[in-house]
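Observations on the model geometry
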Amino acid sequence: MQDGERADRQLRLERMMREYGTSLLRMCTLQLGDPSLAEDAVQDAFVKAYRQMSGFRGQSSERTWLMSIAINTCRDYLRSSWHRRVDGSLTPDDLPERACEPENPDCTVLTEVRKLKPRYREVILLRYYQDLKLGEIAKALGISLSSVKYRLKSAEKQLRKRLEGWYFDEE
């Protein structure tokens, strides 16, 4: 790699870190349940992005591409035997910035989202906490649009049931 190309990649990486770092950190913290581990995952994701930068063809947005790398990094962490021995309890104070909705400062919804299976939690976090469109979620997760819709509908149904009486009107 030439010096000019390396400098361009470094500048691009620095910009991506500024622009998407907090968003990725929030996502990884919610996925992993451990703020320190999430910081490591984000760092690993940016290293992977730097290495794969020349292979990014713009078939998705840069944000979607980074989310995909971060999610896959979190999946790797969750599969590791080390992670299974770590306490993954997460409190709202552990999250970067303010992740709770202003109208629900107790983070009940976020707590219930964390209890979902990873495949459902991922789509909820990408849709409602990262504001990705369904097509972007499909690209980030490497699944079909119909799978995204199914997972999202299933996750919403589970959350509705868990939050019944607290958040949703009983009728």
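Structure shown above.
How each quantity is defined
- For every chain, the first residue of its written sequence is number 1, and the numbers climb from 1 along that sequence.
- Confidence filtering applies because this is a predicted model: local features only for residues at pLDDT of at least 70, side-chain atom pairs given and counted only at 80 or more, and all residues used for totals across whole chains, interfaces and linings.
- With hydrogens and water set aside, each side-chain value is computed from the structure's full complement of heavy atoms.
- Within this scheme, the nonpolar core is defined by two criteria: the residues are buried Ala, Val, Leu, Ile, Met, Phe, Trp, Tyr or Cys, and they are joined through side-chain atoms within 4.5 Å.
- Residue burial is assigned from relative accessible area. The probe radius is 1.4 Å, only protein chains are included, and a residue is buried under 20% of its type maximum, exposed over 50%, and partly exposed in between.
- Only runs of H or I of at least four residues qualify as helices and only runs of E of at least two qualify as strands under DSSP, and these elements are numbered from the N terminus.
- The contact criterion used is simple: two residues touch if any of their non-hydrogen atoms lie within 4.5 Å.
- For helices, the fitted axis covers only the stretch in contact; all axes are lines through C-alpha atoms, and the angles between them, taken along N-to-C directions, range from 0 to 180 degrees.
- For classification, angles of less than 35 degrees are called roughly parallel, those exceeding 145 degrees roughly antiparallel, those between 65 and 115 degrees roughly perpendicular, and all remaining angles oblique.
- Two helices that cross are described as forming a left-handed crossing if the nearer one is turned anticlockwise from the farther one by less than a right angle, and a right-handed crossing if clockwise.
- In this classification, the charged set is Asp, Glu, Lys and Arg, the nonpolar set is Ala, Val, Leu, Ile, Met, Phe, Trp, Tyr, Cys and Pro, and all remaining amino acids, among them Gly, are polar.
- Any pair of N or O atoms that falls within 3.5 Å is considered a polar contact. Within protein, one atom must be able to donate a hydrogen and the other to accept it, and sequence-neighbouring residues count only if both atoms are side-chain atoms.

1. Digging into the nonpolar core
Grouped together as the largest cluster of nonpolar side chains are 48 residues, with contacts concentrated most on Met16, Leu24, Leu66, Ile124 and Leu126. Mapped by element, the contributors of at least two residues to this core are α1 (3–32), α2 (35–52), α3 (62–79), α5 (108–115), α6 (118–129), α7 (134–141) and α8 (145–162). For Leu66, the residues in contact, after removing those within four places along its chain, are Met16, Tyr20, Leu24, Phe46 and Ala49.

2. A few points about the packing of α6 against α7
At a minimum axis distance of 10 Å, the contact between α6 and α7 shows a crossing angle of 135°. The angle between α6 and α7 falls in the class oblique. When you trace α6 past α7, the crossing you get is right-handed. Judged by residue contacts, Glu122, Val123, Leu126 and Arg127 of α6 engage Leu134, Ile137, Ala140 and Leu141 from α7. Of the residues that constitute the contact of α6 with α7, the class distribution is six nonpolar, no polar and two charged.

3. Some remarks on the environment of Arg162
Locating Arg162 in the fold gives a position in helix α8. The class of Arg162 is partly exposed, set by a relative accessible area of 37%. In this structure the C-alpha to C-alpha distance between Arg162 and Val109, which are 53 residues apart in sequence, comes to 9.3 Å. Filtering out sequence-adjacent residues up to four positions away, Arg162 remains in contact with Glu112, Lys115 and Leu116.

4. Considering unusual backbone geometry
At Asp131, a position not held by glycine, the phi torsion is positive, near 55°. Its location among the elements puts Asp131 in the loop between α6 and α7. With a relative accessible area of 56%, Asp131 lands in the exposed category.

5. Observations concerning the side chain of Thr73
With respect to the helices and strands, Thr73 occurs in helix α3. Here Ile69 takes part through its backbone oxygen, which lies 2.8 Å from a polar atom of the side chain of Thr73. With near-sequence residues (within four places) excluded, Thr73 lies in contact with Ala41, Asp44, Ala45 and Lys48.

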